[in-house]
Structures are given as C-alpha cells and as structure tokens.
Amino acid sequence: MKPRQRFKLGKVLAHVCLISIVVLVLIPFLMVTIASLRKGQFPPSALWLNPDQLSLEHWKFVLGIPYRELVNAATGETRMIQASPSPLLWLWNSIVVSSCSSLGIILLSGSAAYAFARMPFKFRGSVLRGLLILQMFPAVLSLVAYYVLLDYIGEHFRFIGLNTISGLVAIYLAGISVNIWMIKGYFDTVPASMEESARIDGASRFQTFVRILLPISAPIFAVVFILSFIYTMSEYPVASVVLQTSDTWTLAVGANSFLYEQEKLWGRFSALAVLAGVPITVIFLLCQKFLVSGMTSGGVKE
Amino acid sequence: MRHVLVALVTLAALYLDFIAYESGGTWIALALLVLIGCGTYIYLSPRAEAYRYLFPGLVGFGLFVIFPLLYTVFVSLTRYSSGHLLTYERALSLFSQETFVSGNGSYNYQLLRQSDGSFLLLLQANQNPSQRFLSEPLELKPGPAATSTPPARLREIAEGGTPPGQPLELAQITREKLYLNLRDRQFRLPDGTLVGLEGLQKFASRQQLWRLNPDGSLTNLRDGSVVRPDLKQGYFVDQKGKRVGVGFRTFAGLENYIQIMADPRIQGPFFRIFVWTLLFSALSVFGGFALGMFLAVLLNWKELRFRNIYRTLLILPYAVPAVLSILIFKGLYNQEFGAVNEFLRALHLFAPDWETNPWGARAMILLVNLWLGYPYMMLVCTGMLQSVPSTIYEASALDGSNPVNDFFNLTLPLVFRPLVPMLIASFAFNFNNFTLVYLLTAGGPRMMGGGIAGETDLLVTYTFNLAFRDSGTNYGLASAIATLLFCIVGTLAWMNLRLGASKIQL
C-alpha cells in the first residue's frame, strides 16, 4: 500500500504545483482584459469589475469608432474622440511587415540552406560559421548605421528609405543566419538519395530542390515562418527608429506610444494589447506541435 | 528560360540603376552596377552554381549586417559626439555662410502677400529711391528657417509700376514672426552684392566674413585674424589656440577605447554595468532552465492527467508578443498602484520598491525574464526528454531508486550536454536583451555619480543611451562599446560552434 500512497501524493503535489504556476501565468492576462474594459486609465491591477466601472470607451478608441467623452463633470461638457490614425492601422502594418519579412526570410534562408546542405563550394564551413558569428552583432547598436543607410538609399529610391515599411522589411530580411542553420539542420536529416536518383533521371538541380526537397521540408519552413513572424511582431527598437510618423507605426511602436512618461493611457494600451495579442496567441497555439518538433529537430540535435 | 529571366531582371535592375544615377547618386549607382554584374555572372555561369542559391541572401546580409558592423567599428575610431556632429566639409560651409554688414548700402523693404500665401520682397535703395528690386515668390513660414538656403536672386524693376499683392505692416511682420524666417535668409542683388535683414526696419548690404586660403586656413575679412583647422582637436583654432565655431568629426585612433579603460567617469559605470550584465544573463539562463526543466519533467509523467491543457497554458508567455507582456508587467510592478505591491500589502508582507531601489528593480527584471523565458526552455527540454529511452528508468526502479535520484543521476547527465549550445545561445541572447530592460525600467534608477548610466542598464541599453539620449550624445564612445560587446558575444558564439562542432558535418 505504501508506494501506492506515495504515488498518489506525488500526483496531488504535481497538480498543485502546475495549477499554481498556471494561475501566476494567467493572472496578468486577466488583469489586462479587465483594465481594457474599465472606465478611466488604470494600470492592470484589478481582478474583478463593478458593473458601474464597465465602459467600452477604450475598445471604441482602438477600433477607430468615434465616441463622446465627458470633459467636465460639473458642466456636463463632452467632446467627440476618434483615434487618428486608427490603432487598427498599426495592427495591419504589423501584419504586413511580419508576413512580408517572414516570407522573404523563408525564401532567402531556404535557398541559402540548400546550397550549404547539398553543394560543395569553397569556404562553405567558414561562410556558414561566419554568418552566425556576425549576426551576433546586436541590431540595436546598428541603429546609427541603419539610419544613415536608409536615409542615403531613400534619397534615390523613395520607396525603400526612412519611414517606409519596405525599408523596415529590408532590415528584417537580413536576419537570416540562425534560420539558415535551422533549415540546413533539417535538410541534413533528409537522405540525398532521392534527389540523386531524380538527377539521374534528368532533373536539373533547381527542379530537385523545388519538387523533392521543398515538399518534404514543409514542417521546418512552417517553424521558421512562425518564429520569424513572432520576432518581427515584437521587434521594438529598430522599428521605432525607422518608422517616424504614426501612420507607418507597427503595433509595438504604437502600443508603447500610449505609455508616455507624463501620461500613461493604460486603458487604451490594454485594449490594444488584447486585440493584438489574442490572434497571435491563437495562431501560435494551433501550430504548437509543429513548433516543438521543429525547434528540437533543427537547432539542438544529437 | 533561365536566360530570359536573367535578362528581364537585369534590365529592370539597370533601369533602377539609371534612375539612381539620374538623381545624382553616383556611388549608389556604382555599387548597384557592381551587384548587377556579379548577379548576371552568377546566374549565367555554370561554375558559380552554388552561389545562385546564396546570392540574394548574402547581398541582404552584407548590406544590413556587415555594413553596419564595419560602420560602427569605423565610427568607434573617430571623435563623433554632440560637440563634433558635422563633417569637416559641413563645418567649412557654415563658415562660408557667415556674413557681416559692410559698405553703406541700406534699403527699405516691403513684404507683399500673394493670393496663394507666398510673399514677394520689395527693396528700395535709401540713397536712390528710384532703384527698386523684387524677389521671386517666397514661402515664408512663421519662425526661424529650417535649413540655410543659398542666397535668392533679386531683379531690378522699372520705375513707377506697383508689384501685385497686399503690402504688410511692420506690426504684421513681427506678430506673425515672419521676420525670424526673413532674418535667416540672404539675397543677392543683380550686381552681386549680398543683402540681409538688419534690425527690423531695413536691409543692409553684407559681405562674406571668412575667406578660404589655399592652405586650408580661413581669414577673417573684418579684423584680419586667421583660423586654421586642428584635425587633432576637431575644431578650428585661432593663433592663440582659442576654438572658433563648431567642432567637426575627426579621426581619433584608439581614444574612445582608452577612455573606456582609463577615464573614471566612464570606467566606473562601465565595469559595474558589465558585472550586472553577466549576472543578469547567467541568472536568467539558470532560472529559466531550472523552471523549464522542472515543468518538462512533470509534464513528461505519463500517468498525470490534463497534461496537454497544462502544456498549452504554460506556453502562453512565449506565444504573446513580448513587447506587450513587458509593458503589462511595467504596470503590475508599479510601486504605488501596481497589482504586485497591492497584493503583498494585503498579505501584510513587505512591499519592495520595484522602481527606486536598485536591487528591487533588478529583482523585478529577473522575475519578468523568468516569466518570459521559461516556456522556451520547457519546449526544448520536453523534446530532449522524449529522446531518453524509458528502459533505463525501469532498470533503476528495480534497484529501488526514487524519481529525484533518477533525475539527477540519469536524466540530467544524458540531456545536459546536448543542451549546452542552446544554453550558451540563450546566454548571448540575454546579454543583449535590449527590449526587456529598455521597456521595463529604461535602465533606472540612475546610478549615483554615473552620469547617464542606470543601475539596471545592460551594456546594450547603456550604449543605446550614450548614442541616442538627447543630451551629450557620443556616437564615437557608443560605437567603441558596441565593438567590445560584439567581441564578447562573438566569442561566445564561436565557443558554441566549437562545442557543437562534433555533431555538425561540414
């Protein structure tokens, strides 16, 4: 009987442990949701809401719907408020930036990884290692150089200069080396024999790459896409320097703009955080299985 | 097929190149031309086949990773700060714009407002009232002129006729602050004389103050003094060694690096921040790994129910964009109104000063980073644990071992070594974890006597502040620290590759 009791006790302990951690994880999310529905600009701190505190003003603001706000309680004076530009635009910008850069990253790093995995050429190892080491230079500290570079390019090609979304995407596209390593790691696990027999049957290299290797490697591309998407969605410093006017801002820059030092608009921030956080979180959770297998097979593998 | 594609892309690129050349970008056009040449060769020559797959990626990498790196190393060797912002050429051109009142030409003026909002300037010579000059339409915005423009030409007009537009009273010119803008401009009469606003009432003829001599020195035409550029100081100095005008960027050699090592105002904060950066990265990796591994082991327990629900909920912090969660925590840890302290006070526990006490702020950063960082570790550890064969546990269970012993004696030694590269990568990531510190504390609270340095600054945020904070920007010094930072993290990455070298077949 004794080992059985110990077994049961262990189970209970495990559940208690897990539940308390889950609660700690969930509380901040609950608080933000409540702060977004609460009248006035309060930082997320309450776990419950009295019905008289309930207000949809922050959600209206974030969704770009005009609403009346009481300016002076004594005189009953109100004013119309409408966000300009609507924070939805920032979400849209973020989605455009993240999709374009993740797609571009897949194309660039996938084709480069193919060369590294399947083709012999001079300095292959050194280039591969060099890419990883050079990428360690933190992007934040390249900001001065990014600024100079985009300013210069923008003088001649307006569409890719400072304060353009394409300029930001161009910078993000350069972050390929870690992804090259991940994809190459996956390619290495795919036996080359199939491609070789296709080559004997007369297929060109490019054909074997596109028709044989790419379809097999779909999972790793999904992983790289999602990881890049999350990274670019959250990236703040580079975006805040490149994008200068509020109509080009991404979500990260826009969300931070609600929290100035002098006036912290917690309600609006919370509504935006919920609005933007929920879809990304759902996508991530849906792709969870993919991600776990991809991260463990590509990056760290014995 | 391939040839047609290459030809089309090359043509499009050449067209872009032409546009760039047309708009005056000789260098950018040249660089693009070289790229087009390389690209065409690579995509046509059978010998360069491997590079066909590498070319686009490597071009982007070169432009946005290698160029910024080289640029930063270059800037770290120059004196480039708030006192030395301009290039030598720009500083020189500022001198050439300086003028002084000379001669006795004096003119009354009138501003004429046009229907489209622009203005005409009308000058009338005091000595000879029949001589009048008129400008082209001017865009005068209230307030000082944003940029210095070259002198605009005035043309002489015939006697008698009145130019179009409504003349402004002096009061209107001052009230709308148009004189501020007008004061920053200069005009050139048909005979070549420069004129500028003198006081509020009149224009006077002016003359360039400095004359550039062939040896690079400048002569002051009013008092005859001579200043010459001192490339070492980055200033123009007169005969007595006194600085004149603005400083310019200049080559400084290793000065910035020596400053980090020797100047007590920089060296003190630098080393404290360096130690905290190391501590922060080590503790973050250790904490995240410990918690992540613990949860992974728990969730690997087959008999436990609801394992999938737990796992999904526990991954949440990784799924939510980090920028949002960091800002949420900024609210939760607010010293007076934050939820954390309200909760602690409700329990009659000690409520730390998360914002003003250095150790409180550090603890907050570490706690938040633990929350953000453990899910990734948990995911990786879960993957690792699944590769451990379950037979070894059965064998040890026969020997009467318990789960805790099993973990430390069997599981950890098995999975730890393959995890080392991931731990080092995580260390390097946290070493440069800019977003967390910048958004959560912005480096605060300020370090006593440390100038711009804060108690929770990491090297990367400290460098960012040095380069971009409004007062006392010092790009040179910031670039020097950035270069050092890169050396540290680059070494870590290199070590990581060496450790993992056995399993990478190249």
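Placed above this text is the structure.
In this text, all values refer to a predicted model and were calculated from it rather than measured experimentally.

Enquirer: I tried to follow the overall build of chain B on my own but got confused; where do I start?
Expert: If you tally the helices and strands in chain B, you get 17 helices and 15 strands. Computed over its C-alpha atoms, the radius of gyration of chain B comes to 34 Å, more than 25% above the 23 Å expected for a compact globule of 506 residues. In terms of overall dimensions, chain B has C-alpha extents of about 115 × 75 × 55 Å along its principal axes. In chain B, buried positions account for 47% of the 506 residues. Counted over contacts in chain B with a minimum sequence separation of 6, partners at least 24 positions apart contribute 59%. Counting every atom, chain B has about 25,800 Å² of accessible surface; 63% of that belongs to carbon and sulfur.

Enquirer: I keep staring at the overall build of chain A and nothing clicks. Help me out?
Expert: From N to C terminus, chain A includes 14 helices and two strands. In terms of overall dimensions, chain A is more spread out than a globule: its C-alpha atoms have a radius of gyration of 25 Å, far above the 19 Å expected for 302 residues. In chain A, buried positions account for 53% of the 302 residues. Looking at chain A alone, contacts between residues at least 24 apart form 63% of all its contacts between residues at least 6 apart. Here chain A holds 23 positive side-chain charges and 15 negative ones, and the gap between their average locations is 14 Å.

Enquirer: Which parts of the structure should I look at to understand the pairing of strand E9 (residues 202–208) of chain B?
Expert: Consecutive residues of a regular strand have side chains that alternate between opposite faces of the sheet. All names here are of chain B. Here five bridges tie strand E8 (residues 194–198) to E9, and the two strands are oriented antiparallel to one another. Residue pairing across strands places leucine 194 opposite arginine 206, the latter belonging to E9. Between E8 and the antiparallel strand that follows it, E9, lie three residues; glycine 199 among them carries a positive phi value of about 70 degrees.

Enquirer: Looking at this model, I keep getting lost on the nonpolar core. Mind explaining?
Expert: Generally speaking, nonpolar side chains in soluble globular proteins are found buried as a group. Counting 190 residues, the largest nonpolar core has A:Phe187, A:Phe269, B:Leu314 and B:Leu419 as its most contacted members. If you tally residues by element for this core, the top one is helix H12 (residues 358–386) of chain B, at 13 residues. If sequence neighbours within four positions are ignored, B:Leu314 has contacts with A:Leu18, A:Ile21, A:Val22, B:Leu295, B:Leu299, B:Tyr374, B:Pro375 and B:Met378. Core analysis: the next-biggest nonpolar cluster, separate from the first, contains 20 residues, B:Tyr109, B:Phe119, B:Ile173 and B:Leu178 among them.

Enquirer: Can you help me understand the packing of helix H13 (residues 391–398) of chain B against helix H14 (residues 403–431) of chain B in this one?
Expert: Between two packed helices, what matters for the description is the angle formed by their axes and the separation of those axes. Residue and element names in this part refer to chain B. For the pair H13 and H14, interaxial distance at closest approach is 11 Å and the crossing angle is 155 degrees. When the axes of H13 and H14 are compared, the pair comes out roughly antiparallel. Taken as a pair, H13 and H14 cross one another with a handedness that is right-handed. For the pair formed by H13 and H14, the contact residues are Ile392, Tyr393 and Ser396 on the first element and Asp406, Leu410, Thr411 and Leu414 on the second.

Enquirer: How should the sheet that holds strand E12 (residues 226–230) of chain B be read in this particular structure?
Expert: Strand pairing in a sheet is mediated by backbone hydrogen bonds. Such pairs are either parallel or antiparallel. Residues and elements named next belong to chain B. Strand order across the open sheet formed by five strands is E10-E11-E12-E13-E14, with antiparallel pairing between neighbours. Edge positions in the sheet fall to strand E10 (210–212) and strand E14 (243–244), since each of these pairs with one other strand and no more. Helix-sheet contacts for helix H4 (residues 88–97) involve E10, strand E11 (218–220), E12, strand E13 (235–238) and E14, and the interaxial angle to E13 is about 45 degrees.

Enquirer: Would you mind going over the side chain of B:Gln114 with me for this structure?
Expert: With respect to the helices and strands, the residue B:Gln114 is situated in the loop between strand E2 (99–113) and strand E3 (119–125). For B:Gln114, the contacting residues outside a window of four places in its chain are B:Phe119, B:Leu120, B:Pro164 and B:Gly165.

Enquirer: Mind showing me how you'd approach the interface of chain A and chain B here?
Expert: Many descriptions give the size of an interface as the accessible area lost when the pieces come together. With 92 residues of chain A at the interface, the matching set in chain B holds 93 residues. A combined buried area of about 8,300 Å² lies between chain A and chain B, and 82% of that area is made up of carbon and sulfur atoms. For A:Arg205, the salt bridge identified is with B:Glu49, shortest N-O distance 3.7 Å. Applying the counting rule to chain A against chain B returns six residue pairs in polar contact (both at pLDDT 80 or more). Of all the elements, helix H1 (residues 2–37) of chain A adds the most residues to the side of chain A that touches chain B, at 18 residues. Here the residues of the side of chain A that touches chain B sort into 67 nonpolar, 16 polar and nine charged.

Enquirer: What is the right way to look at the packing of helix H3 (residues 87–118) of chain A against helix H9 (residues 205–216) of chain A in this model?
Expert: All names here are of chain A. Across the interface, H3 lies against H9 with an axial gap of 12 Å and an inter-helix angle of 110 degrees. With respect to H9, the element H3 is oriented roughly perpendicular. Listed contacts from H9 to Gly110, Ser111, Tyr114 and Arg118 of H3 are Arg205, Thr208, Phe209 and Leu213. Per-class residue counts for the contact of H3 with H9 are three nonpolar, three polar and two charged.

How each quantity is defined
- Residues numbered from 1 in each chain as written.
- Chains lettered and ligands numbered in written order.
- Predicted model: local features only at pLDDT ≥ 70, side-chain atom pairs only at ≥ 80, totals over all residues.
- Heavy atoms only, no water.
- Helix = DSSP H or I, 4+ residues; strand = E, 2+ residues; numbered from the N terminus.
- Rg over C-alpha atoms; globule rule 2.2 N^0.38 Å.
- Buried < 20%, exposed > 50% of the residue type's maximum accessible area, 1.4 Å probe, protein only.
- Contact = heavy atoms within 4.5 Å.
- Areas by Shrake-Rupley, 256 points an atom, 1.4 Å probe, with all protein chains shown as cover.
- Lys, Arg positive; Asp, Glu negative; His and termini not counted.
- Charge placed at Lys NZ, Arg CZ, Asp CG, Glu CD.
- Pairing = 2+ DSSP bridges.
- Core = buried A, V, L, I, M, F, W, Y, C linked by side-chain atoms within 4.5 Å.
- Axes fitted to C-alpha atoms, helices over the stretch in contact; angles between N-to-C directions.
- Parallel < 35°, antiparallel > 145°, perpendicular 65-115°, else oblique.
- Left-handed = near helix turned anticlockwise from the far one by under 90°.
- Buried area = accessible area lost by both parts, 1.4 Å probe.
- Salt bridge = Lys/Arg side-chain N within 4 Å of Asp/Glu carboxyl O.
- Polar contact = N/O pair within 3.5 Å; in protein donor to acceptor, adjacent residues only side chain to side chain.
- Nonpolar A, V, L, I, M, F, W, Y, C, P; charged D, E, K, R; others polar.

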